[in-house]
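# Notes for the structure review
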Amino acid sequence: MNSRTSSLSSISDLFRPNNPKGLRSRDLSCTRLNILKKEIQTDTHLIPLKDLYALLGTDPVTGLSSDRAKELLEYYGSNTLTPATQHCWARLLLKSLCTGFSILIWLGAILCLTAYLIEMFTKPHPSTDNLYLGCVLIAVDVICGLFSFLQNYKSSKIMKTFNSMIPITSSCVRDGLTNTETPVSNLVKGDIVHIRAGDVIPADLRIIDSKGFKVDNSSLTGECVAVPRSNTEGTPNIMESQNVAFFSALCVEGWATGVVICCGDLTALGRIAGLAARLRPVPSPLSREIHQLMRYMSAWAVGLGLFIASASLGLGYPFMQTTIFVIGIVVANIPEGLQPTVTASLTLTAKHMVTKNCLVKNLEAMEALGACTTICSDKTGTLTENKMRVRHLWLENQIYEVSNNSLDQLKNNKAFQSFKICGALCSNASIAPDGNVHGDASEKAILNFIFECDNPITVRKRYPKVSEIPFNSVNKYQVSIHLDMLNSKHILVMKGAPEVVLDHSATVAMDNTQAINNKEINELINNAIENMANTGERILAFADLNLDVNEYPPGFEFDAEEINFPIENLRFLGLVGLIDPPRKEVRSAIERVRAAGVRVMMVTGDHPATARAVALEVGIATTPQCHVITGTELRNMTPDLLYLTLEKNYEIVFARTSPTQKLQIVEACQRQGSVVAVTGDGVNDAPALRRADIGISMGITGSQVSKQTADIILMDDNFATIVTGIEEGRKIFDNLKKSICYILISNVPEIIPVLMFILFSIPLPLGVMTILCIDLGTDMWPAVSLAHENAERDVMARPPRRSDPLVSCSMIRLVYGHLGLIEFAAGMFAYFIVMAEHGFYPEQLFGIRQRWDNEAVSDVQDSLGQEWTYAERKELERACQAAYFVAIVMTQITNGIICKTRYNSLFQVGMNNKALNFGLVFEIILACVVCYVPGINSFFRTYPLRLKWWFLALPFTALMFSFDEFRKYCIRNEKFGGWFNKLTLY
């Protein structure tokens, strides 16, 4: 006892508001997180009450003194949930603006502005292209960063949602006086608190005295069942101990007096809240892919920059000019349209998922769901309907499965008639005027069943209640006495645990008569109980007794405290098997998920037998011998043993688990390299939802805390919606690869002209502003519209991706070694044709750049001997750049058609993507606007092109299309020994 209580005191010190340990803020937060991850270790619910009073320095009658309470409050802090270290919104915004690919874009913007400043100080008439490009890159980063900030800012408010569950005042005894308006925040350990029906428990309490006290622990356990609490002997696991009422639980019946044993962050609720607020979600697969792509592109850009720097200096360029060249080549390597394309594609997918009852809060979670390898599913409300129903009846040694046919068989059964009366009377559930039943889930199920064959309202009117012994955890039965208004005599009815009701019964209803309750009949009933329990049903037994009218006449005063009526020698009527039935569509959904290579495990707080039965029924388990691990067993497992257990057993059901254990299961799966999705609806699920790769909450039955913590909300609470999400996630990943391939292909004809400009000293074929127009203009709509492509036929037949990166070596080879080079060739062909038509043949362009860009030189001769002034040269340069730009647009249209599919022929797929079709038309319209509209063409440094120049790229588009169809044909048929499959199938 001493070791545990001293340990608890030490832990309490770590959660004091003034940090007495002197730890740094980050170290203190980590220490607290590690403590919260552990199971609650305490014996305050096990030791005798007198020892507890001595430990807490309190008295059950007079409570604490006001001075002592004030001293404890100052030392340990208020009874509230304190948030983890929170960053201010400005810091959170800065972090959102500078993560992932945005860092590369920020680098590009800084380099552009640096290049502009260098030109401004070294040239009399500096170009503003780099200034405009830098500003646009900053705008792109800010817009995309705001999306991330809004998501992160909402997630930082988790603790506020927890605090909304805490009551404001409580009834507390201090100095021998009861104050019904004591602020809950002022409660301390040792306070004596009174609780009545309708009150929210203000702290973790050890029950001292109670009567008919029941609490709804759904805020902690997720199970919406009122459970009795009383001054009984505790169990080692405090979460299952019936002498403790927990912070935030609702008192639904009776009253109780308790002593506060835990406050604030160290209560059961406080631990859950602390975990949910302090845990950091793991990076999504997509964010990891983007980070990796950023590193590769940064390394490539820096390497190319160093090559250009050494080449430029070797060719004799001045240092400042070399610096501008290096900046230009680095910026040209940054695909500015990539980040907005990914964000827009995910946003469109999230919007589409709303129509399928799936609300996506975290955009990246949608793609992560497609990469999911393990689903840890809650049972109640997700796999099941969250509505208790009567499934089986045992009457007169026969089990009836509840259906319309079975009810017809029971019409003339006398035991069934008595059961209906007993079920309608021995119940605290109420019936509203509209017929809806309110109350305990089991009692609601029984009354709803009786409604199918009778009218319990009529029964209750005929048999008004005159006395009652409420259900409690010690007796495990409920008794009520009713007056039969027709016969003027009393009837006693009992409901409770089968073994208890059977012990109180002398006879059993059999074959429309009464049989003596002997050993043989006892064995028959116990076999029926065992058979029904094996199916995961909750079993209740019913019995009745007609009281002697002479001994108990109308008007007799029944005393439920000092019992003055018989509760023995009853007539045993039968058994009722109750179950929360699985959703009809869940089994087929789990079959589809497993066919897709995704492992499904059940993690529930329910009884092991119930969990196993439901797992078998929905297909999570395929044999009755599936591995079931209880919370007690899990508590004794080391992390390594849990890891090995998960590896050894594919089909696992976890039952009677606590919130910290659910978190341990998630982290163990993640250590195996799994991408884990967790479903949950209760407050207790918040830590696991927060830690999982994808947290999925229920929209109907889910608590506000679970919805706040989750990445995805199922609006229909249906597991089958997760299957749709996995399919959409895989589809968006495939389509993102197509979008990125589309964007990167146009990156090649943007980079090489800059290299030629530097290395071969030709007039610049493609300007900075036209590059910007391609990346953030003509390419955007088609790239985003590829997200609308239908899923490939095998999307749910292949296993989850593990080694399939977003940008693979195959894609790089296809982009930079094949299609990108064709686009570059198309652009340079158009460039040389326009130059040649004006007198500058290709061989003369090499080495001409220095004189071409010199404002002082006004007599540059072309191949025909014509002299060109600086203004005339720049006008021709604009025309050439416009022709190059249009050539890229035309080849990108073909590229958009090519990227619709990775290996199927376009003739198989067709052009059914209307968004893409409009996007391709939009490309041409935007290119026309950029070239022909006055003012806009001046801004983008373009020129009104002759009509024939629009068709210069057509041979190259035909070559691109033909080559790609041939490549896909070879891939489908594995021609040339699968050479194309290995080389270019991304």
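An account of the accompanying structure is given in this report. All residue numbers refer to position in the chain's written sequence, counted from 1. pLDDT decides what is reported in this predicted model: residues at 70 or higher carry local features, side-chain atom pairs at 80 or more are listed and counted, and totals for whole chains, interfaces and linings draw on all residues regardless. Hydrogens and waters are ignored; side-chain quantities use all the structure's heavy atoms.

## Some thoughts on the overall build of the chain
Looking only at helices and strands, the chain features 39 helices and 28 strands. Each of the three principal axes of the chain carries a C-alpha extent, and together these read 135 × 70 × 50 Å. Per-residue burial for the chain yields a buried fraction of 56% across its 986 residues. A residue counts as positive if it is Lys or Arg and as negative if it is Asp or Glu; His and the chain ends are not included. Positions of charges follow a simple convention, taking NZ of Lys, CZ of Arg, CG of Asp or CD of Glu. One way to put it: in the chain the 90 positive side-chain charges average out to a point 4 Å from where the 96 negative ones average out. Helical segments are the DSSP runs of H or I of at least four residues, strand segments are the runs of E of at least two, and each set is numbered from the N terminus. Only protein chains enter the accessibility calculation, which uses a 1.4 Å probe; a residue whose area is less than 20% of its type maximum is buried, one above 50% is exposed, and one in between is partly exposed.

## Thoughts on the pairing of strand β4 (residues 204-216)
For two strands to be treated as a pair, DSSP must find at least two bridges joining them. One ladder, built from 10 bridges, connects β4 with strand β7 (residues 250-262); its direction is antiparallel. Across the sheet, residue D209 finds its bridge partner in β7, namely T257. Examined bridge by bridge, β4 and strand β6 (residues 244-245) share two bridges and lie antiparallel to one another. Within β6, the residue paired with R206 across the bridge is V244.

## With respect to the sheet that holds strand β24 (residues 676-680)
Ordered in space as β8-β26-β25-β24-β9-β21-β23-β22, the eight strands form an open sheet in which the pairing is mixed. Of all the strands in the sheet, the pair left with one neighbour each is β8 (358-360) and β22 (627-630). Taking the axes of each pair of neighbouring strands and ignoring which way they run, one obtains an average angle of 20 degrees across the sheet. Pairing of strand β9 (residues 374-377) with β24, which is carried by three bridges, proceeds in the parallel orientation. Paired with C376 across the strands is V678, a residue of β24. Helix-sheet contacts for helix α14 (residues 363-370) involve β8, β24, β25 (694-698) and β26 (712-714), and the interaxial angle to β25 is about 105 degrees. Here an axis means a line fitted to C-alpha atoms, over the contact stretch when the element is a helix, while the angle between two N-to-C directions is reported on a 0 to 180 degree scale. The contact rule is simple, with two residues in contact once any of their heavy atoms fall within 4.5 Å.

## Comments concerning the environment of A309
For A309, the position within the fold is in helix α11 (residues 285-314). Spatially, the C-alpha atom of A309 lies 10.0 Å from that of I758, the residues being 449 residues apart in sequence. Discounting chain neighbours no more than four positions away, the residues touching A309 are T322 and V326.

## Section: the packing of aromatic side chains
Here a Phe, Tyr or Trp ring, Trp counted by its six-membered ring, pairs with any other such ring whose centre lies within 6.5 Å, and the pair is stacked when the planes are under 30 degrees apart, edge-to-face when over 60, and tilted otherwise. Under the definition given, this model contains 26 aromatic pairs. Ring centres 4.8 Å apart and planes at 70 degrees place the aromatic pair F556 and F558 in the edge-to-face group. When its relative accessible area of 12% is taken as the criterion, F558 is described as buried. With a centroid separation of 6.4 Å and an interplanar angle of 65 degrees, the aromatic rings of F963 and F980 are classed as edge-to-face. With a gap of 17 residues between them, F963 in helix α38 (residues 954-973) and F980 in helix α39 (residues 979-984) connect regions that are remote in the sequence. Aromatic ring contacts, followed pair by pair, group F963, F966, F976, W979 and F980 into a single cluster. Remark: a charge is flagged as sitting over a ring if the NZ atom of Lys or the CZ atom of Arg is within 6 Å of the ring centre and within 35 degrees of the ring normal. The ring of Y76 has K189 sitting right over it, with the charged end atom 5.2 Å from the ring centre. The aromatic ring of F733 is capped on one face by R801, whose charged end is 3.6 Å from the ring centroid.

## What to know about the environment of N397
Structurally, N397 is set in the loop between β10 (389-395) and β11 (398-401). Given the relative accessible area of 38%, N397 is considered partly exposed. Along the backbone, N397 and D559 are 162 residues apart, and their C-alpha atoms lie at a distance of 35 Å. Beyond its immediate sequence surroundings of up to four residues, N397 is in contact with M510 and L524.

## Overview of helix α22 (residues 608-618)
Residues T610, A611, A613, V614, A615 and V618 constitute the buried set of α22. Tucked into the core, α22 has its buried residues touching α20 (519-534), α21 (586-595), β21 (599-603) and β23 (652-655).

## Concerning the pattern of salt bridges
Salt bridges are defined by distance alone: a side-chain nitrogen of Lys or Arg within 4 Å of a carboxyl oxygen of Asp or Glu. Taken as a whole and judged by the stated rule, the model has 31 salt bridges. For R174, the salt bridge identified is with D191, shortest N-O distance 2.7 Å. Residue R174 is located in strand β1 (residues 169-174), and its partner D191 is located in the loop between β2 (177-183) and β3 (192-196); the two are separated by 17 residues in the primary sequence. Both residues of the pair, R174 and D191, count as buried. In this structure, the salt-bridge partner of D804 is K737, at a minimum N-O distance of 2.8 Å. Pair noted here: D804 is in the loop between α30 (780-785) and α31 (809-837) and K737 is in helix α28 (residues 720-759), with a separation of 67 residues, a long-range link.

## Description of the environment of N546
Within the secondary structure layout, N546 lies in strand β19 (residues 538-546). Ignoring anything within four residues of it in the chain, the contact list for N546 reads K489, H490 and I491.

## Describing unusual backbone geometry
Even without being glycine, S248 reaches a positive phi, approximately 85 degrees. For D717, which is not a glycine, the phi torsion comes out positive at approximately 55 degrees. When you line up the elements, D717 lands in the loop between β26 and α28. Residue classification places D717 among the buried positions, given a relative accessible area of 1%.

## A word on the packing of α11 against α14
At their nearest, the axes of α11 and α14 sit 7 Å apart, and the two run at 100 degrees to each other. Judged by the inter-axis angle, α11 sits roughly perpendicular to α14. Here P285, L286 and S287 of α11 come into contact with α14, specifically with E364, E367 and A368. Angles below 35 degrees are treated as roughly parallel, those above 145 as roughly antiparallel, those between 65 and 115 as roughly perpendicular, and all remaining angles as oblique.

## Some points on the nonpolar core
The term nonpolar core refers to a set of buried residues drawn from Ala, Val, Leu, Ile, Met, Phe, Trp, Tyr and Cys, joined through side-chain atoms within 4.5 Å. Residues L369, I694, F719 and F885 are the most contacted members of the largest nonpolar core, which totals 156 residues. The element best represented in this core is α28, accounting for 20 residues. Of all hydrophobic cores here, the second largest spans 31 residues; its members include W394, A515, L545 and L547.

## Quick word on the packing of α28 against helix α29 (residues 768-778)
Two elements in contact, α28 and α29, have axes whose closest approach is 11 Å; the angle formed by their N-to-C orientations is 170 degrees. What the angle tells us is that α28 and α29 run roughly antiparallel. Contacts between α28 and α29 involve Y742, S746 and E750 from the former and I771, I774, D775 and T778 from the latter. Side-chain classes are defined by residue name, with Ala, Val, Leu, Ile, Met, Phe, Trp, Tyr, Cys and Pro counting as nonpolar, Asp, Glu, Lys and Arg as charged, and the others, Gly among them, as polar. For the contact of α28 with α29, the class distribution of residues is three nonpolar, two polar and two charged.

## Remarks on a nonpolar patch on the surface
Taken together, the side chains of F966, Y969, F976 and W979 define a hydrophobic patch exposed on the protein surface, amounting to about 470 Å² of accessible area. Here W979 lies in helix α39. Residue W979 is classed as partly exposed on the basis of its relative accessible area, which comes to 46%. Residues enter patches when their relative accessible area tops 30% and they take part in no salt bridge; the joining distance is 9 Å for like charges and 5 Å for the nonpolar side chains Val, Leu, Ile, Met, Phe, Trp and Tyr. Here, Shrake-Rupley sampling with a 1.4 Å probe gives the accessible areas, and only protein chains in the shown set may cover a residue.

## Things to note about the pairing of β24
By the criterion of burial, β24 is predominantly enclosed, with five of the five residues buried. The alternating pattern of β24 places V676, V678 and G680 on one face and A677 and T679 on the opposite face, and all of these are buried. Seen with its strands pointing away from the viewer, a crossover is right-handed when the path leading from the first strand over the helix to the second is clockwise. Handedness of the crossover is the feature at issue here: the chain leaves β24, passes through helix α26 (residues 686-691), returns alongside β25, and the resulting connection is right-handed.

## Examining the side chain of D378
Checked against the element boundaries, D378 lands in the loop between β9 and β10. Buried and without a salt bridge, D378 has K662 as its closest oppositely charged side chain, separated by 4.5 Å. Apart from the residues lying within four places of it in its own chain, the contact partners of D378 are L383, V603, T604, K662, T679, G680, D681 and D685.

## As for the state of the cysteines
Cysteine sulfur atoms that come within 2.5 Å of each other are treated as a disulfide pair. Enumeration according to the criterion identifies zero disulfides in this entry. Cysteine C172 remains unbridged, with the sulfur of C263 as its closest cysteine sulfur at 10.0 Å. According to the relative accessible area criterion, C172 is buried, its value standing at 1%. Between C928, a cysteine without a disulfide, and C931, which holds the nearest cysteine sulfur, the sulfur-to-sulfur distance is 7.1 Å.

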